[in-house]
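Take a look at the letters that make up each chain.
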Amino acid sequence: MSATTTRPRLHPAGGPLGRRPRRPKGDDESTPLLLGHGRLPKVLASGALVIFALLWLLPFVWAIATSFQNEQDVATPGFNPIKGALTLEPYRVILDRGNVPIWAFNSILIATLVTVITIVISTLAAYGLSRGTFRGRKLLLAVTVSSIMVPPQLLIVPLFQEMLAFNLVDTYWAVILPQVVAPMMVFILKRFFDGIPRELEEAARIDGASDLRVFWSVVLPLSRPIVAAVSVFVFIGAWNNFMWPFIVTNDPALMTLPVGLATVKDAYGVVYAQSMASALLAAAPLIIVFLFFQRRIVKSVATTGLGGT
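What you see is a predicted model, and the numbers here were worked out from it, not measured in a lab.

Once that is clear, we can look at the pattern of salt bridges. Note on pairing: side chains with opposite charge can pair once their charged atoms come close. Scanning the model with the defined rule gives seven salt bridges in all. A salt bridge links Glu-201 to Arg-131; the nearest nitrogen and oxygen atoms lie 2.7 Å apart. With Glu-201 in helix α9 (residues 198-206) and Arg-131 in helix α4 (residues 100-131), this residue pair connects regions lying 70 residues apart in the sequence. This pair shows no difference in class: Glu-201 is buried, exactly as Arg-131 is.

Those places that UniProt annotates as "transmembrane region" (unreviewed entry) correspond, in this numbering, to residues 43-65, 102-127, 139-160, 172-193, 214-239 and 271-293. Helix and strand shares over residues 43-65 are 100% and 0% respectively, and the end C-alpha atoms of the span are 31 Å apart. Between the C-alpha atoms that bound residues 102-127 there is a distance of 37 Å. The span itself is 100% helix and 0% strand.

A cluster of nonpolar side chains, Trp-56, Leu-57, Phe-60, Val-61, Ile-64, Ile-287, Phe-290, Leu-291 and Val-298, forms an exposed patch at the surface whose accessible area comes to about 830 Å². Breaking the nonpolar patch down by element, the ones donating at least two residues are α1 (39-67) and α14 (272-304). When residues in the nonpolar patch are grouped by element, the largest group, five residues, is from α1. Judged by relative accessible area, which is 66%, Trp-56 ranks as exposed.

Ranked by size, the top nonpolar core spans 49 residues in total, and within it Trp-103, Leu-189, Phe-193, Val-230 and Leu-261 carry the most contacts. Looking at which element gives the most residues to this core, the answer is α4, with nine residues. Each residue touching Trp-103, except ones within four places of it in the same chain, is listed here: Gly-98, Pro-252, Met-255, Thr-256, Leu-257, Gly-260, Leu-261, Thr-263 and Val-264.

A word on the layout of surface pockets. Taken as a whole, the largest pocket spans an internal volume of roughly 870 Å³. Along the walls of the largest pocket sit 25 residues, with Pro-152, Leu-155, Pro-178, Gln-179 and Val-181 positioned nearest its centre. Every element with two or more residues in the lining of the largest pocket is listed here: α4, α6 (156-165), α8 (183-194), α11 (224-240) and α12 (243-248). Residue contributions to the lining of the largest pocket peak at four residues, all from α11. Residues that form the lining of the largest pocket fall into these classes: 19 nonpolar, six polar and no charged.

Another point: empty space enclosed by the protein. Taken as a whole and assessed by the stated rule, the structure comprises one cavity of 30 Å³ or more. If you add up the space inside the largest cavity, you get close to 30 Å³. Together, Ser-107, Ile-110, Ala-111, Ala-238, Trp-239 and Thr-256 line the largest cavity. Mapped by element, the contributors of at least two residues to the lining of the largest cavity are α4 and α11.

Three or four residues apart is the spacing at which side chains of an α-helix point the same way, because the helix has 3.6 residues per turn. The end-to-end C-alpha distance of α1 is 42 Å, a good match for the 42 Å that 29 residues give at a rise of 1.5 Å each. Along α1, the sharpest kink reaches roughly 35 degrees, centred on Leu-57 and followed within four residues by the proline Pro-59. Inspection of α1 places Pro-41, Ala-63, Ala-65, Thr-66 and Ser-67 among the buried residues, and these make up the whole buried set.

Structurally, the position occupied by Phe-134 is in the loop between α4 and α5 (137-147). With sequence-adjacent residues up to four places away left out, Phe-134 is seen in contact with Gly-128, Leu-129 and Leu-140.

For the structure shown, the criterion picks out five aromatic pairs. On the numbers, 6.1 Å between centres and 80 degrees between planes, the contact of Tyr-127 with Phe-193 is edge-to-face. Residue Tyr-127 is found in helix α4, and its partner Phe-193 is found in helix α8; the two are separated by 66 residues along the sequence. Here Tyr-127 and Phe-193 have matching classes, each one buried. A ring pair is formed by Phe-242 and Phe-246, whose centres lie 5.3 Å apart and whose planes are at 15 degrees; its orientation type is stacked. Three or more aromatic residues joined by ring pairs make a cluster, and in this case those are Tyr-127, Phe-193 and Phe-215.

Conventions adopted
Residues numbered from 1 in each chain as written. Predicted model: local features only at pLDDT ≥ 70, side-chain atom pairs only at ≥ 80, totals over all residues. Heavy atoms only, no water. Salt bridge = Lys/Arg side-chain N within 4 Å of Asp/Glu carboxyl O. Helix = DSSP H or I, 4+ residues; strand = E, 2+ residues; numbered from the N terminus. Buried < 20%, exposed > 50% of the residue type's maximum accessible area, 1.4 Å probe, protein only. UniProt positions renumbered as here; feature names shortened; annotations may be inferred. Patch = residues over 30% accessible without salt bridge, like charges linked within 9 Å, V, L, I, M, F, W, Y side chains within 5 Å. Areas by Shrake-Rupley, 256 points an atom, 1.4 Å probe, with all protein chains shown as cover. Core = buried A, V, L, I, M, F, W, Y, C linked by side-chain atoms within 4.5 Å. Contact = heavy atoms within 4.5 Å. 1 Å grid on protein atoms, 1.4 Å probe; cavity = no way out; pocket = protein on both sides within 12 Å on 5 of 7 lines; lining within 4 Å. Points joined across faces, edges and corners; volume = space filled by probe spheres on them. Nonpolar A, V, L, I, M, F, W, Y, C, P; charged D, E, K, R; others polar. Expected span 1.5 Å × (residues − 1). Bend = angle between axes of the 7 residues up to and from the residue. Phe/Tyr/Trp six-rings, centres within 6.5 Å; stacked < 30°, edge-to-face > 60°.

This is how it looks when you write it as structure tokens:
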């Protein structure tokens, strides 16, 4: 009677059953990539972050300290940011010489309208490029992407001539309309729409929904993070825009806050305290908006992956 030999059963990964296959030494998922375990790496990382934060905050703190001093004290040589008594004189001069409330209202109105119109145009264009099957879609997408590389300064003269032709110079629409076309935002939204499963849209169409209904009820609710992030970027860009509003507006009642504050200058050379006060007045609304909505802003940028787009 011949002896039968039994072969050991093998694990699906290639080793004997009951014994876990060895994992290469460098593939341990619990091992951090850079710093390793222990308290010292965390202390080093926290210290590095604190140093970088201080380096970033130093110019901002210096600007605040400069804006609360007299011009004579600011001109005094030295590395101390506070060289004299603190005063509100630079802010008083800026507010007396300029119409800051009107300029702030213009900036809020223009930035809000630019954001709303840009979001409407960009989302519809991005959805059409992502889901459309019309002829010339690839060519239109290539033109959209290539237009991102066109410097905005090259379009100033044609846009100004266009505003002249439509008799829109010195109006709100002259400032708003050229800013609502944002190829970069269309490309970002298109990339996000490409990742939405088409099965969700097909299920809505089976229930009788039209294309516009699918876009409004299915796609947009799923795209809230990317729409919020794009809205923040567009609003900040419209608020900080200086060149185009400066060129297309001559009426002081239509100037935005950055343009209006730039016109409040002393005739006797550079005034650093007033310049810093003007810059802080222009940046204050954005800082306030960020402080109130910082969680939503950070969450929107983090969940949409805009850093790698």
